[in-house]
Amino acid sequence: MIDTLLTHDNIALAGDLANRIDANTSAITETTFLSNNLWIMVAAALVFVMHLGFSALEAGFVRRKNVVNILFKNAMIIAIGLLSYWLCGFGLMYPGEAFSGSFFGFAGFGLNPGETGQTSAYGDYTYYTDFIFQAMFAATCATIVSGAVAERIKLEAFLLFSTLFVAISYPITGMWKWGYGWLDALGFYDFAGSTLVHSVGGWGALAAVMLLGPRLGKYTSKGIKPIPGHSMPMAAIGVFLLWFGWYGFNGGSVLSADPAGVSLVFVTTSLAAAAGAVGAFLTSFTLFKSHDLSMVLNGILGGLVGITAGADQMSPNEAVIVGLVAGVIIPISVVAFDKAKLDDPVGATSVHLVCGIWGTLAVGLLGSKAGMDQFINQLIGIGAVGLFTFTFAFLLFFLLKKTIGIRVHDEEEDRGLDIIEHDMSAYNL
Amino acid sequence: MIDTLLTHDNIALAGDLANRIDANTSAITETTFLSNNLWIMVAAALVFVMHLGFSALEAGFVRRKNVVNILFKNAMIIAIGLLSYWLCGFGLMYPGEAFSGSFFGFAGFGLNPGETGQTSAYGDYTYYTDFIFQAMFAATCATIVSGAVAERIKLEAFLLFSTLFVAISYPITGMWKWGYGWLDALGFYDFAGSTLVHSVGGWGALAAVMLLGPRLGKYTSKGIKPIPGHSMPMAAIGVFLLWFGWYGFNGGSVLSADPAGVSLVFVTTSLAAAAGAVGAFLTSFTLFKSHDLSMVLNGILGGLVGITAGADQMSPNEAVIVGLVAGVIIPISVVAFDKAKLDDPVGATSVHLVCGIWGTLAVGLLGSKAGMDQFINQLIGIGAVGLFTFTFAFLLFFLLKKTIGIRVHDEEEDRGLDIIEHDMSAYNL
Amino acid sequence: MIDTLLTHDNIALAGDLANRIDANTSAITETTFLSNNLWIMVAAALVFVMHLGFSALEAGFVRRKNVVNILFKNAMIIAIGLLSYWLCGFGLMYPGEAFSGSFFGFAGFGLNPGETGQTSAYGDYTYYTDFIFQAMFAATCATIVSGAVAERIKLEAFLLFSTLFVAISYPITGMWKWGYGWLDALGFYDFAGSTLVHSVGGWGALAAVMLLGPRLGKYTSKGIKPIPGHSMPMAAIGVFLLWFGWYGFNGGSVLSADPAGVSLVFVTTSLAAAAGAVGAFLTSFTLFKSHDLSMVLNGILGGLVGITAGADQMSPNEAVIVGLVAGVIIPISVVAFDKAKLDDPVGATSVHLVCGIWGTLAVGLLGSKAGMDQFINQLIGIGAVGLFTFTFAFLLFFLLKKTIGIRVHDEEEDRGLDIIEHDMSAYNL
Amino acid sequence: MKKIEAIVRLSKFDDIRDALADIGVLFFTLSDVKGFGLQKEKRVYRGSTYDPDYIARLQIDILATDDKAGEIVKTIKEAGRTGKVGDGKIIMFDIDKVYRIRNEEEDKDAI
Amino acid sequence: MKKIEAIVRLSKFDDIRDALADIGVLFFTLSDVKGFGLQKEKRVYRGSTYDPDYIARLQIDILATDDKAGEIVKTIKEAGRTGKVGDGKIIMFDIDKVYRIRNEEEDKDAI
Amino acid sequence: MKKIEAIVRLSKFDDIRDALADIGVLFFTLSDVKGFGLQKEKRVYRGSTYDPDYIARLQIDILATDDKAGEIVKTIKEAGRTGKVGDGKIIMFDIDKVYRIRNEEEDKDAI
Ligand SMILES: Nc1ncnc2c1ncn2[C@@H]1O[C@H](COP(=O)(O)OP(=O)(O)O)[C@@H](O)[C@H]1O
Ligand SMILES: Nc1ncnc2c1ncn2[C@@H]1O[C@H](COP(=O)(O)OP(=O)(O)O)[C@@H](O)[C@H]1O
Ligand SMILES: Nc1ncnc2c1ncn2[C@@H]1O[C@H](COP(=O)(O)OP(=O)(O)O)[C@@H](O)[C@H]1O
């Protein structure tokens, strides 16, 4: 009887222990959730720094008379980017399971975490963390355009374009892959957005540059007349900050703080950037017999853009190759665009479009996903996203050109956008 | 008998299991503690970045001849802030339970983590984490003053003022709320310091500006003669860095890495900043027919200051409203201060004082705490802190004015503080 | 029988519970591992920011005509540093247990995480995290040299030197302590690298400065003619960023996110930096009757370098002393090097070498390790590392001097390295 | 020999340089100056509209032989003209001597 | 016609401009120059005290008719004077021709 | 009285200043100018090689009495010479009046 009692007690005790174990298990889930979520938030803040990086880089690469303008655009882009992503971008890009495999979907306006959005039931991070991390990405694609159209675009036209580009075009193609749309179903791979973010920005930049035409005096009868940026230190600071932010961009794209995953991404990202610098250094020295800082800076960015699609799929050695190739591409691409009289003051098309394409293709050539099938999927993804984005951007810019106009008058361009659009100078006594 | 033995074994086994469960439970506590603490440390580092942000913003908004001076002041402020907070500020602001609900308390000089301060027994973070996070905040209020008094204050007077302001005034009013003093008991709410940090800095700035008088040549018989800052890029970089740092300022003020809490704060902070930019953009364009970068930059800061009091209480939509209103306030307030001939080169009073008040009031109007009672509590808090701080700052500056003097001679002001106080120029060949 | 059954069930149940407890225990290990690893990765990103800090500081402290050159060098250094550390540096510095207590070892080229490198079996962080954190450190020592040799060194010579310095010299002496070599066995203590990183860079800088000679026109028959840096704001921004990055440099060197350990390090690091500012402020004002911003900035760095060796061993009060002394040392040391006609444009030898030595000695004088034995060990470590590094650097530079040459022609120096080596200017219209 | 000093618009500099090159004038000295004149610009800073008083301009200094001077003035006038207020001024005055530092050439030979 | 060149203190520029405006001289050209003269300044950088050799100054160039020139010089002298070493210099010399680029006005009409 | 304007190399300025000091000329005015001349420089930016058209130069303005002027010119020529294209030019012309702003000294006394 005593025994029986004891065993009954045992059962109760075991039940009690089981409850306590369950409590521990869910506490562990919560604490892992807390750490994962923390990393994605920190990563979001790092991606924010990229907007500062872009601002500094672009400001450094334009002339003194257009510096206020580029800063104004970049300050407004991040604001517009966040607000439009809050309004509809997030809903368009992540429409939910119902739209899996499709071309378009919409979860509705604004944010709606629902019952469980802010709990671990939502995933490795909260709904709001998800939103803010994605929102920081969104504005990036417009910032890329901003640099390419610098020094000649009308402010209103640019702001209108950016709003629609970030609010509509970017989330639609983003949904194709990251929102579980058709490209995802197909097997297209783009880890952190060589195509979905950088090439998208690059296509927008290309469309804009084609419709805008070059800056006055860039392509003369006597050949190309380079227009040096007004501050190399500012550009260099911008690139370092972009590199710093990229740890959040790529590292956060693991979508958890998984030690193996994130640390590999840190290594591949770092080595690709470093190799990009070396590739651009050697190539530009070979081609131009000069140690061109602007090329090395673009080479770093090229390496970063290049590794972005496969940062989690490459070994360190492969990352070095991806970066090196990107670095080699940069000087060649910059010169090629110039030959084609496509005037891009900051090299956004070379860095984001060309290296974005290279990086996306690299996933089919190197790393754990390499293979013919993957390569074809990568090509389809690049083509589809490119076609949609270029068409969208081209039509939108064309419409703006025919209506409000996209380019300032020659006289205004000559005087500089700072005085014309902002009635102020970047530098004063 | 065997049974009995078994059951006895069972009991032993159960005890063993229970011990192991307990070990797990406390290990979970430790690991959660580790993660929470990690976030607050990272947040402290981010708040540190704000000092760089302030330095760059203020340096950008003054003339070339006063740049070394403003940088010198800002470098010394963070040093003085940390040291004085170590010496007595922390003890004054967090005097301990014994002083709950009171107006004043003191835990003693220096740091004393005690037996348990560095363990999870202390809370979600260690004593030293607590100190360093709070210490980073403390210096902020003096930095705010630094911008407003730029280009004309005597260095010694300013350093003396800052030391006493950070060491005494700031922790006393801080204690009223965050140190569990009377305002906390009353129900006043100020999440991350719209009032306790930003308005405090703003009141100090106002007192100083009133006693100092405007810069030479600012208010002439022919009207206001604006004195443009010497470098808009530097100001813009400063604002982006402040925004970045604000993720630590507001995000860290959750005082844990709680995923739901911190991610909401990230979203409200981001959206308010973005809305602040848009609000200032639209208002300044409407009022002045110009795209004034300096207003958009101040608008971003206004939005950030505005959301600071209720960043954890607002929904994303409400955060947009708070930010938008702050952005609208900025241009109006800047002009109003100028009309009142209160010369504030960087707009510190508009950004930190006016938007600080707006943000604190907003907690009573919007968000989960909104209500008449709360609104009145907010008014009381704003009034009490304002009265104390303004009086303290005014008297201190008045004393300094009557003794060592607070303003450089006209000739020195004309020549610039860099040569006069530092025998050097900010820019050289 | 029922009882027996029950007890048998109990045993099964207990086994089940034990398994679930074990699962929890290892889940806890994983989540703690995840958080620790996260911190070291974030710390690595912060150390990366130091390279931006160095770039800005050094760019600010040179003349306009050499700004592109210094930026180019710094951009290449981080690239070279990461790549050479990947190629062989990591293998030389952490050769593995087999080489414990020895002077030299090599684990082989490239990275090899092995089976368990990316799991918690490796330690508190993954193999790749280990690599990237260490790799970020490695490039630092070359960056330190970069500032000291600025404005007159040949680009190729510098890049060659840096590659070999980072790939060979730095990891060998690093191995002596951090790779469990003979200095570690001896009891030498250097928490985050006052000696292993900063003094190493400083010795390299000293050797280079001795062989290079001063900049033209610095030491004239009429005395020292200071050559002011071209941009104090850039230098100040650099110092703030270095301070920010130091939270990763020192904080990450705890090698886990241990709350007590890291938070103490944050406090000691912050207070030492602050005290360094105050020490340099007071000393330079006493000596030169001037508020020299460049000294205060160096004072902050001196405080940071000083605390680096014992950041985890000092109490806050002791940290203040360490920083204060470092701050006092700076102006005296800068003047002494100038008297010795060792021309160091950025003060790298004073900041990194002298304060590095001071900080390493301080571990024997203050804090929990203080004592005669420790002091002697510290002296041995300083001497051994200094001897090896200085010899290595001196011989290498000497070899370069006799072969490709290390210094540009006087005319080229006069014209500036930007035009001579890079065919471009830092600032344009 | 004459010295010609022309205060011109920034935006017209390229045209002027090309026009000068066409008449064989490839050597001159340029400086940044601030012109206080009839032309005004609007500036807005922190809500206050103001006039910065001056406009950035370029000063072109050309040394010329007496016979060439007239043509140079004419060229600058034509290439630098927009017809709107603010086109600038040209002055001309006699100088005693011109020396080339590089060698011992003087006056006409040195120009 | 005369050209007047005045090297003045930065700090006196506003006074000079106002004084010139009072006598109807609203048009002139300004440039930043470095003055090497009697006045010295102290600089300290990284522990070494030195003299930067020069002081930043402004050069005001005014074209004037012969009858107006004297008044202009007098005005600048009065408004620019502090009485301390370093107030600067004014020179005046004859010029042959003044042209207005905007139209065909010359000499007196162009000033 | 004469005004001497010398356009010189940046790299030769220190030598010139020292040489001038040796002959007792301590006072002058310096400005940054851009020289368009024979000397060319190579620039590379983003893969395109180009010629920036001008070279940064310094203009030294010295007021001198007639008897001193020749010596000054000679000094600048000697100290400023490298013998390579681009050494620069010196011009000299008569001025009517020199005033010292600080007091009522004029002409020779004011130099
Ligand atoms: N009297 C003067 N003395 C010196 N410079 C003058 C004088 N008048 C005009 N200038 C210069 O010529 C520039 C153009 O003159 P402005 O009056 O604006 O128009 P316009 O050339 O059409 O007459 C001014 O900005 C100024 O630099
Ligand atoms: N001989 C000169 N030639 C050219 N400029 C001169 C000459 N003497 C003086 N100056 C200019 O006048 C400025 C003021 O002269 P300075 O000797 O300092 O005092 P003061 O005007 O009281 O005589 C100098 O900085 C310099 O720019
Ligand atoms: N005709 C001219 N008018 C004005 N400045 C001139 C003239 N010719 C030369 N210069 C100035 O003199 C500088 C040196 O002249 P340059 O032709 O390069 O070589 P060099 O002095 O050897 O003849 C030029 O950069 C320019 O500033």
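Owing to the predicted nature of the structure, the values given are computational and were not obtained by experimental measurement.

> For this particular structure, what's the right way to read the overall build of chain A?
A count of helices and strands for chain A gives 14 helices and two strands. Relative to the compact-globule value of 22 Å for 429 residues, chain A shows a C-alpha radius of gyration of 24 Å, a close match. C-alpha extents for chain A along the principal axes are approximately 110 × 50 × 45 Å. When each of the 429 residues of chain A is scored for burial, the buried share is 69%. Carbon and sulfur atoms provide 66% of the accessible area of chain A, an area that totals close to 12,200 Å². Averaged over its 20 positive side-chain charges, chain A has a centre that lies 20 Å from the centre of its 30 negative ones.

> Is there a simple way to think about the interface of chain C and chain B in this case?
By convention, interface size is frequently given as the accessible area that disappears when the constituent parts associate. Across the contact, 59 residues belong to chain C and 60 residues belong to chain B. When chain C packs against chain B, close to 5,000 Å² is buried across both sides, 77% of that on carbon and sulfur atoms. At the boundary of chain C with chain B, the tally comes to one salt bridge. In this structure, the salt-bridge partner of Arg20(B) is Asp22(C), at a minimum N-O distance of 2.4 Å. The tally of links from chain C across to chain B stands at 17 residue pairs in polar contact (both at pLDDT 80 or more).

> Would you explain the relation of the copies chain A and chain B in this entry?
Two copies of the chain are present, and they differ by a rotation about an axis and a shift along that axis. Expressed as a screw operation, the relation of chain A to chain B combines 0.0 Å of axial shift with a rotation of 120°, fitting to an RMSD of 0.0 Å. Seen this way, the second copy is the image of the first under a three-fold rotation axis. Take the interface residues of chain A: only 17% of them recur as interface residues in chain B, which is what a contact between different surfaces looks like.

> What am I meant to see in the arrangement of the chains here?
When C-alpha atoms are compared, chain C and chain D, though not in contact, are closest at a spacing of 12 Å. Without any contact between them, chain B and chain F keep their closest C-alpha atoms 12 Å apart.

> Even after reading the chapter, I still don't get the packing of helix α2 (residues 67-93) of chain A against helix α8 (residues 259-288) of chain B, so can you show me in this structure?
Between two packed helices, what matters for the description is the angle formed by their axes and the separation of those axes. Running from N to C, α2(A) and α8(B) point in directions that differ by 125°, and their axes come no closer than 9 Å. Looking at the two axes, α2(A) sits oblique to α8(B). Between α2(A) and α8(B) lies a crossing whose hand is left-handed. Across the interface between the two elements, Phe72(A), Met76(A), Ala79(A), Leu82(A), Leu83(A) and Trp86(A) from α2(A) touch Ser270(B), Leu271(B), Ala274(B), Ala275(B), Ala277(B), Val278(B) and Phe281(B) from α8(B). Partitioning the contact of α2(A) with α8(B) into residue classes produces 12 nonpolar, one polar and no charged.

> Help me understand the relation of the copies chain C and chain B in this model?
Taken as rigid bodies, chain C and chain B are interconverted by a rotation of 120° and an axial shift of 0.0 Å, the fit giving an RMSD of 0.0 Å. Comparing interface residues between copies, only 17% of those in chain C also sit at the interface in chain B, which points to a heterologous contact through distinct surfaces.

> What am I meant to see in the side chain of His198(C) here?
If you trace the backbone, His198(C) turns up in helix α6 (residues 194-212). Look past the residues within four positions of His198(C) in its chain and what remains in contact with it is Ile144(C), Gly193(C), Trp246(C), Phe249(C), Val305(C), Thr308(C), His352(C) and Leu353(C).

> Just checking my understanding: could you explain the site of ligand 2 for this structure?
Taken together, 21 residues surround ligand 2, and among them Arg57(E), Gly86(E), Gly88(E), Arg100(F) and Arg102(F) come closest. At ligand 2, the nearby residues belong to more than one chain, namely chains E and F. Leu63(F) is positioned with one of its backbone polar atoms (N or O) 2.9 Å from a nitrogen atom of ligand 2. Protein coverage of the free-state accessible area of ligand 2, which is 550 Å², stands at 98%. For the shell around ligand 2, the secondary structure elements donating two or more residues are β2 (28-36) of chain E together with β2 (28-36) and β5 (55-64) of chain F. Looking at which element gives the most residues to the shell around ligand 2, the answer is β5(F), with three residues. Of the residues in the shell around ligand 2, the class split is nine nonpolar, six polar and six charged.

> Would you explain the site of ligand 3 in this entry?
Close to ligand 3 lie 21 residues; Arg100(D), Arg102(D), Arg57(F), Gly86(F) and Gly88(F) are nearest. Near ligand 3, the surrounding residues belong to chains D and F. Between ligand 3 and the protein, one listed contact pairs a nitrogen atom with a backbone N or O atom of Leu63(D) at 2.9 Å. Elements that contribute at least two residues to the shell around ligand 3 include exactly β2 (28-36) and β5 (55-64) of chain D together with β2 of chain F. Sort the elements by how many residues they give to the shell around ligand 3 and β5(D) lands first, with three residues. Here the shell around ligand 3 is built from residues that sort into nine nonpolar, six polar and six charged.

> Even after reading the chapter, I still don't get the interface of chain A and chain B, so can you show me in this structure?
Across the boundary between the two partners, chain A contributes 60 residues, which contact 59 residues of chain B. Joining chain A to chain B, the criterion identifies one salt bridge. Counting the contacts that link chain A with chain B gives 17 residue pairs in polar contact (both at pLDDT 80 or more). Of all the secondary structure elements, the ones that give two or more residues to the side of chain A that touches chain B are α1 (2-61), α2, α3 (127-148), α4 (155-177), α7 (232-251) and α14 (417-422) of chain A. For the side of chain A that touches chain B, the leading source of residues is α1(A), giving 26 residues.

> Hey, could you run me through the nonpolar core in this one?
In terms of nonpolar packing, the biggest core is built from 478 residues, with Trp39(A), Trp39(B) and Trp39(C) touching the most fellow members. Apart from residues lying up to four places away in sequence, Trp39(B) is in contact with Leu38(A), Val42(A), Leu46(B), Tyr247(B), Gly251(B), Gly252(B), Ser256(B), Ala257(B), Val262(B) and Phe266(B).

> Explain the state of the cysteines here, please?
Note: disulfide means a covalent bond formed between the sulfur atoms of two cysteine side chains. Residue and element names in this part refer to chain A. In the structure shown here, the tally under the stated rule is zero disulfides over all chains. A disulfide-free cysteine, Cys141 has its sulfur positioned 13 Å from the sulfur of Cys88, the nearest such atom. Taking the relative accessible area as the measure of exposure, Cys141 reaches 0% and is therefore buried.

> Teacher, can you tell me more about helix α1 (residues 13-22) of chain D here?
Each full turn of the α-helix corresponds to 3.6 residues, which orients residues three or four apart in the same direction. Residue and element names in this part refer to chain D. Here α1 has its buried residues at Phe13, Ile16, Arg17, Ala19 and Leu20. Each buried residue of α1 lies within a common arc of 165° when the element is viewed along its axis, so the set occupies one face. Where α1 terminates, the next one or two residues include Gly24, which has phi positive at roughly 90°.

> When you look at the packing of helix α10 (residues 316-339) of chain C against helix α11 (residues 348-365) of chain C in this model, what are you seeing that I'm missing?
All names here are of chain C. At their nearest, the axes of α10 and α11 sit 9 Å apart, and the two run at 140° to each other. The orientation of α10 relative to α11 falls into the category oblique. For the element pair α10 and α11, the recorded crossing hand is right-handed. In this structure, α10 uses Val322, Val325, Ala326, Ile329, Ile330, Ser333, Val334 and Phe337 to contact α11, whose residues at the interface are Thr349, Ser350, Val351, Val354, Cys355, Trp358 and Ala362.

> Sorry, what's going on with the side chain of Ser55(B) here?
As for its placement among the helices and strands, Ser55(B) is situated in helix α1 (residues 2-61). Taking relative accessible area as the criterion, Ser55(B) reaches 2% and is therefore assigned buried. A polar side-chain atom of Ser55(B) sits 2.7 Å from the main-chain carbonyl oxygen of His51(B). Apart from the residues within four sequence positions on either side, Ser55(B) is in contact with Leu71(B), Asn74(B) and Phe240(C).

> How should I be thinking about the environment of Tyr85(A) in this particular structure?
Residues and elements named next belong to chain A. Mapped onto the secondary structure, Tyr85 falls in helix α2. By relative accessible area, Tyr85 is classed as buried at 0%. Excluding its chain neighbours within four sequence positions, the residues that come into contact with Tyr85 are Ile80, Phe90, Met93, Tyr94, Phe131, Gln134, Ala135, Ala138 and Tyr170.

> I'm lost on the pairing of strand β1 (residues 2-9) of chain D in this one. Help?
Residue and element names in this part refer to chain D. Burial within β1 is extensive, with eight of its eight residues counted as buried. Judged from the eight bridges that link them, β1 and β5 form a sheet pairing that is antiparallel. Bridge pairing links Val8 to Leu58 in β5. Where β1 and strand β6 (residues 89-94) come together, six bridges link them in antiparallel fashion.

About the criteria used
- Residues numbered from 1 in each chain as written.
- Chains lettered and ligands numbered in written order.
- Predicted model: local features only at pLDDT ≥ 70, side-chain atom pairs only at ≥ 80, totals over all residues.
- Heavy atoms only, no water.
- Helix = DSSP H or I, 4+ residues; strand = E, 2+ residues; numbered from the N terminus.
- Rg over C-alpha atoms; globule rule 2.2 N^0.38 Å.
- Buried < 20%, exposed > 50% of the residue type's maximum accessible area, 1.4 Å probe, protein only.
- Areas by Shrake-Rupley, 256 points an atom, 1.4 Å probe, with all protein chains shown as cover.
- Lys, Arg positive; Asp, Glu negative; His and termini not counted.
- Charge placed at Lys NZ, Arg CZ, Asp CG, Glu CD.
- Contact = heavy atoms within 4.5 Å.
- Buried area = accessible area lost by both parts, 1.4 Å probe.
- Salt bridge = Lys/Arg side-chain N within 4 Å of Asp/Glu carboxyl O.
- Polar contact = N/O pair within 3.5 Å; in protein donor to acceptor, adjacent residues only side chain to side chain.
- Least-squares fit on C-alpha atoms with pLDDT ≥ 70 in both.
- Axes fitted to C-alpha atoms, helices over the stretch in contact; angles between N-to-C directions.
- Parallel < 35°, antiparallel > 145°, perpendicular 65-115°, else oblique.
- Left-handed = near helix turned anticlockwise from the far one by under 90°.
- Nonpolar A, V, L, I, M, F, W, Y, C, P; charged D, E, K, R; others polar.
- Near = heavy atom within 4 Å.
- Core = buried A, V, L, I, M, F, W, Y, C linked by side-chain atoms within 4.5 Å.
- Disulfide = S-S within 2.5 Å.
- Arc of directions from axis to C-beta.
- Pairing = 2+ DSSP bridges.

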